[in-house]
Amino acid sequence: MVIEEIQGGVCAPTGFKANGIHCGIRKNKAKRDFALIVSEVRAAAAGVYTSNLVKGAPVIVTKKNLIDGYAQAIICNSGNANTCNANGIEIAEGMCALVENAGGISAKDVIVASTGVIGQQLDLTPMSEHFGELWSGLGDNSNLAAEAIMTTDTVRKSVAVSFELGGKTCKIGAIAKGVGMVCPNMATNLIFLTSDVAISSEMLQKALSEDVKTSFNMVSVDGDQSTNDTCCIMANGLAGNDIIKDKGADFKAFCKALNYCTVKLSRMLAKDGEGATKLIECRVTGADRKCTAKAVAKSVIKSSLVKAAMFGADANWGRVLCAIGYAGVKVDVNAIDVSFSSANGDLPVCKNGFGIEFSEEKAKEILSEDEVIINVNLNSGSSKATAWGCDLTYDYVKINGDYRT
């Protein structure tokens, strides 16, 4: 199977349009804060959401709207999370109604999301006053939508791929945001995916629910789980392939293409973590079980001490062993090998759980790159896993010390 990366983001698949504008939720007029993605036809849809007990109103409304497995539009604002608000459900449903009133799409076929500050009331007025502008500007504007869902993100995050199913050219596109308050657990940040593949709602949900286990759920920026995490996908079937109804070859091919997109976005999200200067990737091999490998990988990239060491380009591998030791899974600590690698080479620092001699100068050179890999071999089996995180910098504290003001 050949997966080709293409341009277009969420507008790359046939039958999707998008737009993003500034409507006035955010004080900075240079910041877009209102996004819309629309399919020409009603589409199969699926979602995964935050497991935080405190949930944003949009999460509650979206879960209700997707009970039947279908949707036709995604509406999202940034600058306000619409969370812990007495009238939050009313506002979220009001956002869905804007789509129905302007485009004739049922409000129950709308995925709604919000991101920003928690606990501040969200006024529907600026969105209703500017919705005509948002709707009339729908087109090949994935980048504008990607910008409109950003909060403290420094770059927009987008990906699209093309692949074949049964001789038909199919596509998946996506945009994402989320660089702080990121440590998903059966959820994600805000991720919106589109596809022109014909697939049943049931199989689409299976694909997405399984995929996040090895993609978005393996990302941590700061160990905090958001209240508004939402990952949704719409697949409108306009590619014309035979509809996927079971776990056959076409389903596997679709899942492979989906995972290509989600892993790429996971790396983007981690690398653009609040205040981050580098992407940290932890690759765990030689585990006795998959769950062991995943627990170890995520424990390492979540460690504040490991993250701080990576910021300082300090090969303090003992912090890696420490994080493995409290990962909550059983490992043979006397069998662990650790090395650091980047574009500047590979450097073993630990063998069989004990330190080995290495060049501090070479270590500094390797860890000074903007993408660093921590390789952990547990030497206890054949299972493996990868997790993504970022370094911990002074700027992270600055950003979150005055986030509201």
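Anything mentioned here points back to the structure above.
Note that the structure is a prediction, hence the values are computed from the model and not measured.

Q: Report on the overall build of the chain, specifying residues and quantitative values.
A: Scanning the chain for helices and strands turns up 11 helices and 15 strands. Taken along the three principal axes of its C-alpha coordinates, the chain extends 70 × 55 × 35 Å. Counting only residues that meet the buried cut, the chain has 55% of its 405 residues in that class. Expressed as a percentage of contacts within the chain between residues at least 6 apart in sequence, the contacts between residues at least 24 apart total 80%. Of the roughly 16,400 Å² of accessible surface on the chain, 49% is carried by carbon and sulfur atoms.

Q: Outline the layout of surface pockets, listing residues and values.
A: Of the voids in this model, the largest pocket is the one considered here, and its volume is about 520 Å³. What lines the largest pocket is a set of 17 residues, and nearest its centre among them are Arg 26, Gly 79, Val 117, Tyr 403 and Arg 404. When contributions to the lining of the largest pocket are tallied by element, the ones reaching two or more residues are strand S4 (70–80) and strand S5 (110–117). Of the residues assigned to the lining of the largest pocket, the class counts are four nonpolar, eight polar and five charged. In terms of lining, the second largest pocket is formed by 25 residues, of which the most central are Gly 116, Gly 180, Met 181, Ser 226 and Tyr 403. For the lining of the second largest pocket, the element with the highest residue contribution is S5, accounting for three residues. Within the lining of the second largest pocket, the residues separate by chemical class into nine nonpolar, 11 polar and five charged.

Q: Account for the sheet that holds strand S12 (residues 345–351), naming residues and giving values.
A: The six strands are arranged S13-S12-S11-S14-S10-S15 in an open sheet whose pairing can be described as mixed. Looking at the sheet topology across the chains shown, the edges are occupied by strand S13 (354–355) and strand S15 (383–390). Pairing geometry for strand S11 (residues 337–342) and strand S14 (residues 371–377), over five bridges, is antiparallel. Counterpart to Val 338 in the pairing with S14 is Val 376. Contacting strand S10 (279–287), S11, S14 and S15, helix H8 (residues 304–311) runs over the sheet at an angle of about 135 degrees to S14.

Q: Describe the environment of Ala 297, and please don't skip the residues or the numbers.
A: Within the secondary structure, Ala 297 sits in helix H7 (residues 290–302). Distance in space between the C-alpha atoms of Ala 297 and Ala 327 is 8.8 Å, their sequence separation being 30 residues.

Q: Describe in detail helix H3 (residues 125–136), supporting the description with residues and values.
A: Among all positions in H3, only Pro 126, Met 127, Phe 131 and Leu 134 are buried. For H3, the buried positions fall inside an angular range of 135 degrees around the axis, keeping them on one side. Exposed side of H3, more than 90 degrees from the buried face: Glu 129 and Ser 136 are the residues found there. Buried residues belonging to H3 abut strand S2 (16–21), strand S3 (34–49), S4 and helix H2 (88–103).

Q: So what's going on with the packing of helix H5 (residues 201–211) against helix H6 (residues 249–271)? Residues and values would help.
A: The relative placement of two packed helices comes down to the angle between their axes together with the axis-to-axis distance. The N-to-C vectors of H5 and H6 enclose an angle of 45 degrees; their axes lie 10 Å apart at closest approach. In terms of axis orientation, H5 runs oblique to H6. The handedness of the crossing between H5 and H6 comes out as right-handed. Contact residues: H5 offers Met 203, Leu 204, Lys 206, Ala 207, Leu 208 and Asp 211, while H6 offers Phe 251, Phe 254, Cys 255, Leu 258, Asn 259 and Thr 262.

Q: Break down the pairing of S10 for me, with residues and values.
A: A regular strand places its side chains so that they alternate between the two faces of the sheet. With respect to burial, S10 is a largely interior element, seven of its nine residues being buried. Sheet topology note: the S10/S14 ladder contains seven bridges and is parallel. In the sheet register, Thr 285 faces S14, and the bridge partner there is Asn 377. Examined bridge by bridge, S10 and S15 share seven bridges and lie antiparallel to one another.

Q: Quick one: what's the story with H5, residue by residue and with numbers?
A: Along H5, the residues that are buried comprise Ser 201, Met 203, Leu 204, Ala 207, Leu 208 and Asp 211. The buried residues of H5 occupy one face: seen down the axis, they fall within an arc of 165 degrees. In this structure, the buried residues of H5 make contact with S3, S4, strand S8 (190–195), strand S9 (230–235) and H6.

Q: A description of the pattern of salt bridges should follow, citing residues and the corresponding values.
A: On inspection of all chains with the given rule, the structure shows 17 salt bridges. Its salt-bridge partner being Glu 281, residue Arg 267 comes within 2.5 Å of it at the nearest N-O pair. In this pair, Arg 267 is assigned in helix H6 and Glu 281 in strand S10, connecting sequence segments 14 residues apart. Arg 267 sits in the partly exposed class, given a relative accessible area of 26%. Each member of the salt-bridge network shares a partner with another, and the members are Arg 267, Lys 271, Glu 281, Arg 283, Asp 370 and Glu 371.

Q: Now, about the side chain of Thr 50: what can you tell me, with residues and values included?
A: Along the chain, Thr 50 falls in the loop between S3 and helix H1 (57–65). Thr 50 sits in the buried class, given a relative accessible area of 3%. There is a polar contact of 3.0 Å between the side chain of Thr 50 and the backbone nitrogen of Asn 52. Sequence-distant contacts of Thr 50, defined by excluding residues within four places in its chain, comprise Lys 55, Ala 187, Gln 225, Ser 226, Thr 227, Asn 228 and Asp 229.

Q: Just give me the short version of the packing of aromatic side chains, but keep the residues and values in it.
A: Enumeration according to the criterion identifies three aromatic pairs in this entry. Among the aromatic residues, those joined into a ring-pair cluster are Phe 34, Phe 131 and Trp 135.

Parameters at a glance
Residues numbered from 1 in each chain as written. Predicted model: local features only at pLDDT ≥ 70, side-chain atom pairs only at ≥ 80, totals over all residues. Heavy atoms only, no water. Helix = DSSP H or I, 4+ residues; strand = E, 2+ residues; numbered from the N terminus. Buried < 20%, exposed > 50% of the residue type's maximum accessible area, 1.4 Å probe, protein only. Contact = heavy atoms within 4.5 Å. Areas by Shrake-Rupley, 256 points an atom, 1.4 Å probe, with all protein chains shown as cover. 1 Å grid on protein atoms, 1.4 Å probe; cavity = no way out; pocket = protein on both sides within 12 Å on 5 of 7 lines; lining within 4 Å. Points joined across faces, edges and corners; volume = space filled by probe spheres on them. Nonpolar A, V, L, I, M, F, W, Y, C, P; charged D, E, K, R; others polar. Pairing = 2+ DSSP bridges. Axes fitted to C-alpha atoms, helices over the stretch in contact; angles between N-to-C directions. Arc of directions from axis to C-beta. Parallel < 35°, antiparallel > 145°, perpendicular 65-115°, else oblique. Left-handed = near helix turned anticlockwise from the far one by under 90°. Salt bridge = Lys/Arg side-chain N within 4 Å of Asp/Glu carboxyl O. Polar contact = N/O pair within 3.5 Å; in protein donor to acceptor, adjacent residues only side chain to side chain. Phe/Tyr/Trp six-rings, centres within 6.5 Å; stacked < 30°, edge-to-face > 60°.

Honestly, that's just the spatial picture; any functional story needs more than this.
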